[in-house]
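Given next are the chains, with one letter for each unit.
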Amino acid sequence: MKYSILLLALVGSVALTACDRQPDTVVVPVPVAVPGPAGPAGAAGETGVAGATAPAGATGATGATGATGYDGATGAQGSTGSRGATGDDGTKGDTGDTGETGDTGKTGGTVIVVPK
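An account of the accompanying structure is given in this report. Predicted model, so just to flag it, every value in this text is computed and none were measured.

1. Here we look at the overall build of the protein chain
Working step 1: Secondary structure assignment for the protein chain yields one helix and zero strands.
Working step 2: Here the C-alpha atoms of the protein chain give a radius of gyration of 68 Å, more than 25% beyond the 13 Å that 2.2 N^0.38 yields for 116 residues.
Working step 3: Projected onto its principal axes, the C-alpha coordinates of the protein chain cover approximately 175 × 100 × 40 Å.
Working step 4: By the burial criterion, 0% of the 116 residues in the protein chain qualify as buried.
Working step 5: Roughly 13100 Å² of accessible area belongs to the protein chain as shown, and the carbon and sulfur atoms make up 57% of that amount.
Working step 6: If you average the places of the 6 positive and of the 10 negative side-chain charges in the protein chain, the two averages end up 24 Å apart.

2. Points about the environment of Val32
Working step 1: On the secondary structure map, Val32 appears in the segment after α1 (2-19).
Working step 2: Relative accessible area serves as the criterion here: at 73%, Val32 is assigned to the exposed category.

3. Digging into the environment of Ala58
Working step 1: Note that Ala58 resides in the segment after α1.
Working step 2: A C-alpha to C-alpha distance of 94 Å links Ala58 and Lys92, two positions 34 residues apart in sequence.

Reading the values: rules and limits
- Residues numbered from 1 in each chain as written.
- Predicted model: local features only at pLDDT ≥ 70, side-chain atom pairs only at ≥ 80, totals over all residues.
- Heavy atoms only, no water.
- Helix = DSSP H or I, 4+ residues; strand = E, 2+ residues; numbered from the N terminus.
- Rg over C-alpha atoms; globule rule 2.2 N^0.38 Å.
- Buried < 20%, exposed > 50% of the residue type's maximum accessible area, 1.4 Å probe, protein only.
- Areas by Shrake-Rupley, 256 points an atom, 1.4 Å probe, with all protein chains shown as cover.
- Lys, Arg positive; Asp, Glu negative; His and termini not counted.
- Charge placed at Lys NZ, Arg CZ, Asp CG, Glu CD.

See below:
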């Protein structure tokens, strides 16, 4: 009995769904009117009169002065220079003259030096 009620409910819902369908509507297209051939071209019109020249506009105002720029950064200190090359040796001086011969000493007296 349990299954028969369930089966009956299922068949009833399918049957009612089939009856709920909407009929299809057929749309008939409306014919579009096609225009005929173009007629002959009309005569050319006359040239218009030139317009008046507009007066010159007023001179614009002078713009404001620009702001002063920033000072640039101070540069870095330069490197120490290289040491100069050593100078050449000077030329040798001339050899001096031979001195005069000394006087002959006295003959006699002996000096004795005693060690301490």
